[in-house]
Amino acid sequence: MSENFLTRGLVRLSSVLVLCTVPLGAQAEDPDCVLSANEIYARASPSVVQVATLSIDLFLVEGRVAMNTGTGFVLEQGYIATNYHVIADSKIIVVFNGGSMIEAAVVGIDPTLDVAVLKVTGGQYFSDAPLEFSNDAQAEIGQQAFAVGFPLGIGKSMSSGIVSGVGRVLRQTTSSWLSPYIQTDAAISPGNSGGPLLNSCGLVIGMITSNISNSGAENIAFAIPTEVLRPVITALVEEGHVSRPWHGLYGQMTAFPILQVLGVPRSAWEEQSGFLIETVEPGSAADRAGLTGGVWPMMWGGAEVLLGGDVITHVNGVRITSMEIAMNSVRGIEIGEIVELKALRNGVPFSVSVEIEERPIMPQELEVYRRARQR
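Every residue gets a number counted from 1 within its own chain, in the order that chain's sequence is written. A pLDDT threshold of at least 70 governs which residues receive local features in this predicted model, and a stricter bar of 80 or more applies before side-chain atom pairs are shown or counted, although totals over entire chains, interfaces and linings include all residues. Excluded from the side-chain calculations are hydrogens and water; all other atoms, namely the structure's heavy atoms, are used.

1. Observations regarding the environment of Ala 268
Secondary structure elements are taken from DSSP: a helix is a run of H or I of four residues or more, a strand is a run of E of two residues or more, and numbering for both begins at the N terminus. Structurally, Ala 268 is set in the loop between helix 4 (256-261) and helix 5 (269-272). As for Ala 268 and Gly 347, which are separated by 79 residues in sequence, their C-alpha atoms are 9.6 Å apart.

Structure, rendered in C-alpha cells:
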C-alpha cells in the first residue's frame, strides 16, 4: 500500500503496542455538522456493499451447500470490512454494489471480535471515497445513529435511531468481556451484519455485528465501536491476523450477594472480593498457572454464574476492586510478559506467576460464529 494513502501511528491493540499503518480516513476529524438523512445516505451509499457467500460442508450430502448475505463497507484500494460470521467457511465470496459484482478474497480474519477484511480481485474498486471513521473517543448515549446495509438481502436500506447504550458486554465468547459494544435502537435485521453505524456527519462510529431479535427483545442491536474496530482492521490489512495476549480467563466481580451465597462472613467481604474466575481456557496462561474455574451454576441478574472458582485479588500488585480495574489490568498485559497474581481459593490466599503467550484462534470460538450465520 502506498504511503500516500497511509498514516503511520502507534496503535495499542488489546494491550499490545504495534507500529502500524492506518487506512485512509481513519484519522478524520468530526466537523461541526448535522447532515440530513438524505445527505448521509447519499455520501455513504456508494461505499456500502452487499457481501454474498457460498459454503459447502464436505461432511454432508444433504444440505451441504449454504448461501449467506451480509454487508460490508469500503476502506480503500479494494479493501472491504465486514463481520467474520458473514464469510465464515466460505468457498466463494462476491461483493455487489448497484449493478457491479466482483469476487473477493479474504485478507484477514479476527473471530475474537467478529471482524474480517476482504479485498476485491482484479484491481477493481467500488468507490473512490471510502468511508471515514469518526475521531471521537467514544460514542455518546443519545446521539443520532444511522445504519446502512442490506437487511434480509432485499436491497440497500438505511435505518436511523440513537445510541442507546455504550460499554455493553455480550455474553458470547470468553473474550466478550474485553470488547464492550455500542447499543442502538436503529432497526437492524439479518443481512445488516458487517455494515457501518454512522453519526450525523456520516462518519463511522461502529460496525453492526449483532442483534438479539430472536430472543424476544425489540429495538436492540449492537456495533463494534470505532476505537476498538480501527486498530483491528489495521492489523488485518497489515498482518492478516490480530496478535493478542492469551490470559484465558472469563468471569466477573464478586458482588456481595455472590459472597453471601459462598458463605463468606460479612466482615470479610471486602478482603475476599475480587475477580471471580468462572472458566479457564485449556492451554492458556491461566491454565498453566493452575488457576481453576467454577463448577456450581447459579442465576444472578438474569445470567448464569459459575461459583467455586478462584478469586483474583491482585494483578501485578494492583488491587482488583472493580470490573474496570480488572479490564484495564488485562489490557495492560503484553505477550511475553511475566504476570504476578494474588488470588484466593476457598478463602485461602496464594500467589502465582506465569508468562503470557499469544492467543491462537480457538475452534470453539469459530463455532459461535458459524451458528451466527444461521440466524
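Next, the rest of the story.
2. Side note on the environment of Val 34
In this structure, Val 34 sits in the loop between strand 2 (16-23) and helix 1 (37-44). C-alpha separation for the pair Val 34 and Cys 201, spaced 167 residues apart in sequence, amounts to 5.8 Å.

3. Considering the pattern of salt bridges
By salt bridge we mean one thing: a side-chain nitrogen of Lys or Arg within 4 Å of a carboxyl oxygen of Asp or Glu. Enumeration over the complete set of coordinates arrives at 4 salt bridges. Glu 281 is the partner of Arg 359 in a salt bridge, and the nearest nitrogen-oxygen pair spans 3.0 Å. You can see Arg 359 sitting in the loop between strand 24 (357-358) and helix 8 (363-372) and its partner Glu 281 sitting in the loop between strand 17 (275-280) and helix 6 (285-288), a full 78 residues away along the chain. Side by side, Arg 359 and Glu 281 carry an identical accessibility label, which is buried. In this structure, Arg 288 engages Glu 357 in a salt bridge whose closest nitrogen and oxygen atoms are separated by 3.8 Å. One end of the pair, Arg 288, is in helix 6; the other, Glu 357, is in strand 24, and 69 residues separate them in sequence. Whether a residue is buried, partly exposed or exposed follows from its accessible area with a 1.4 Å probe, protein chains only, as a fraction of its type maximum: under 20%, in between, or over 50%, in that order. Looking at Arg 288, the relative accessible area reads 42%, which means it is partly exposed. The class for Glu 357 is partly exposed, based on a relative accessible area of 38%.

4. A few points about the packing of aromatic side chains
By convention, a stacked pair of Phe, Tyr or Trp rings (six-membered ring in the case of Trp) has centres within 6.5 Å and planes under 30 degrees apart, an edge-to-face pair has planes over 60 apart, and any other such pair is tilted. Enumeration according to the criterion identifies 2 aromatic pairs in this entry. Measuring from centroid to centroid gives 6.4 Å for Phe 73 and Phe 133, while their planes differ by 70 degrees, and the two rings are edge-to-face. Within this pair, whereas Phe 73 is found in strand 4 (residues 65-74), its partner Phe 133 is found in the loop between strand 8 (115-120) and strand 9 (144-149), the two being separated by 60 residues in sequence. In terms of burial, Phe 73 and Phe 133 fall into one category: buried. With centroids separated by 5.1 Å and ring planes inclined at 20 degrees, the aromatic side chains of Phe 256 and Trp 269 adopt a geometry described as stacked. Of the two residues, Phe 256 sits in helix 4 while Trp 269 sits in helix 5, which places them 13 residues apart along the sequence.

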